[in-house]
Amino acid sequence: MQGARILATGSAVPDLCINNQKISEMVETSDEWIVTRTGIKERRVLTGINKSVVDLAALASIKALNKISMDPLEIDLIILATSSPNDLFGSASQLQYQIGARNAVAFDLTAACSGFVLGIVTASQFIQNGSYSNVLVVGADVLSKWIDWSDRSTCILFGDGAGAAIIQACSEKDNGILGFQLNTDGEKFDQLSIAYKENKKIHKEWPLPKGEFKHIQMNGKEVYKFAVSKVPISILNCLNSLNISPQDINWMLLHQANKRILSAVADKLDISSNKIISNLNKYGNTSAASIPLALDEALQKNTIDHNDIIVIAGFGAGLTWGTVVIKWKC
Ligand code: COA
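In what follows, the accompanying structure is described. The structure presented is a predicted model; accordingly, all values stated were derived computationally and were not measured.

## Observations concerning the environment of alanine 162
Relative to the helices and strands, alanine 162 is located in strand S7 (residues 161–170). Its relative accessible area of 0% is what places alanine 162 among the buried residues. Spatially, the C-alpha atom of alanine 162 lies 19 Å from that of asparagine 134, the residues being 28 residues apart in sequence. If near-sequence neighbours (up to four positions away) are discounted, alanine 162 is found in contact with Gly10, Ser11, Ala12, Leu56, Ala57, Ala60, Gly139, Ala140, Ala289 and Leu293.

## Digging into the side chain of threonine 38
Inspection of the secondary structure puts threonine 38 in helix H2 (residues 31–38). Take threonine 38: its relative accessible area is 3%, and that puts it in the buried class. A polar contact of 2.6 Å, which involves the side chain of threonine 38, links it to the backbone oxygen of isoleucine 34. Polar side-chain contacts of threonine 38 include one of 3.0 Å to the backbone nitrogen of isoleucine 40. Beyond its immediate sequence surroundings of up to four residues, threonine 38 is in contact with Ile156, Leu157, Asn258, Lys259 and Leu280.

## Digging into empty space enclosed by the protein
Under the defined criterion, the tally for this structure stands at one cavity of 30 Å³ or more. In this structure, the largest cavity encloses a volume near 30 Å³. Lining the largest cavity, in full, are Ile6, Phe116, Ile120, Leu295, Ile312, Val324 and Ile326. When residues of the lining of the largest cavity are traced back to their parent elements, those giving at least two are helix H5 (115–128) and strand S15 (320–327). In terms of residue class, the lining of the largest cavity is built from seven nonpolar, no polar and no charged.

Conventions we followed
- Residues numbered from 1 in each chain as written.
- Predicted model: local features only at pLDDT ≥ 70, side-chain atom pairs only at ≥ 80, totals over all residues.
- Heavy atoms only, no water.
- Helix = DSSP H or I, 4+ residues; strand = E, 2+ residues; numbered from the N terminus.
- Buried < 20%, exposed > 50% of the residue type's maximum accessible area, 1.4 Å probe, protein only.
- Contact = heavy atoms within 4.5 Å.
- Polar contact = N/O pair within 3.5 Å; in protein donor to acceptor, adjacent residues only side chain to side chain.
- 1 Å grid on protein atoms, 1.4 Å probe; cavity = no way out; pocket = protein on both sides within 12 Å on 5 of 7 lines; lining within 4 Å.
- Points joined across faces, edges and corners; volume = space filled by probe spheres on them.
- Nonpolar A, V, L, I, M, F, W, Y, C, P; charged D, E, K, R; others polar.

What follows is the structure in structure tokens.
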């Protein structure tokens, strides 16, 4: 078995910033309501002709590559975790082309807000079994395209962004990806979805279907209950399998959905609030991007030290949730 460790991270957000005040001019809400219930103050939204999730993903990737002066040709595999591709056949190949990583195989991974955790775990498997040496994992989403901006129960929550991590093979003793625990509950697929709906038939004699994807639909209360009940169990199971106690971790980095969810999970695990990594006040819920975006910001602030234990957990549509435990290697 080889080891795997995160070598560098990068992130990118669009320039347009929409604060709660602006949202309250579109729907009946208020800054106070949004901040109290979610912790979100503003979010970024991608605009511009032909601008897509790939542009954000490419920018985040190039920043990560530049930090370690890595040539894109050294990348063996690109995993693009996104639920808002600009091509349903996949957008990872466009990312490969845009950053000039011609030697890399590239594929999309669709797992909504758990996408980055699943991406890290998938990358670590390819590395630890010796298949690949350098893997680029990107979490990127532009859910603003799928928001119903007249639905106040969802439009306040989401924002656009991208975060990238380069994971590299290393000796077993330097392994930084210690363990994981993953789950899916498909029975609850409709609690949070962007569903395809058929709305017309395009031939008189044969019922050839034609439809389109609709807006984000969410049962907010159920998703909240799911997150605060299931995520602590996943974290605990993962930590137990590694003989690490919740008190021994240095940082808790959850998918940035809601400040109340982060606090509730930390409370359940008796993890002190000063170990929570959070930046959701500035970006809202950026889906697959939220974890790498927050990780990259924390690293830029030099908050994370060599050998720190970071427990990372994602959760969201699917429903899917999971944990990966990292030992940070500078
Ligand atoms: N502004 C003002 N009032 C709003 C509102 C808004 N943006 N959205 C809903 N309300 C109203 C509701 O209509 C309701 O009014 P009523 O009591 O008159 O019926 C009231 O506020 C309470 O609504 P409720 O849905 O019970 O609020 P809540 O405390 O559950 O908070 C969420 C709503 C969406 C913030 C919360 O459920 C949540 O964060 N869920 C998890 C969502 C999530 O993280 N999804 C992504 C996971 S990856």
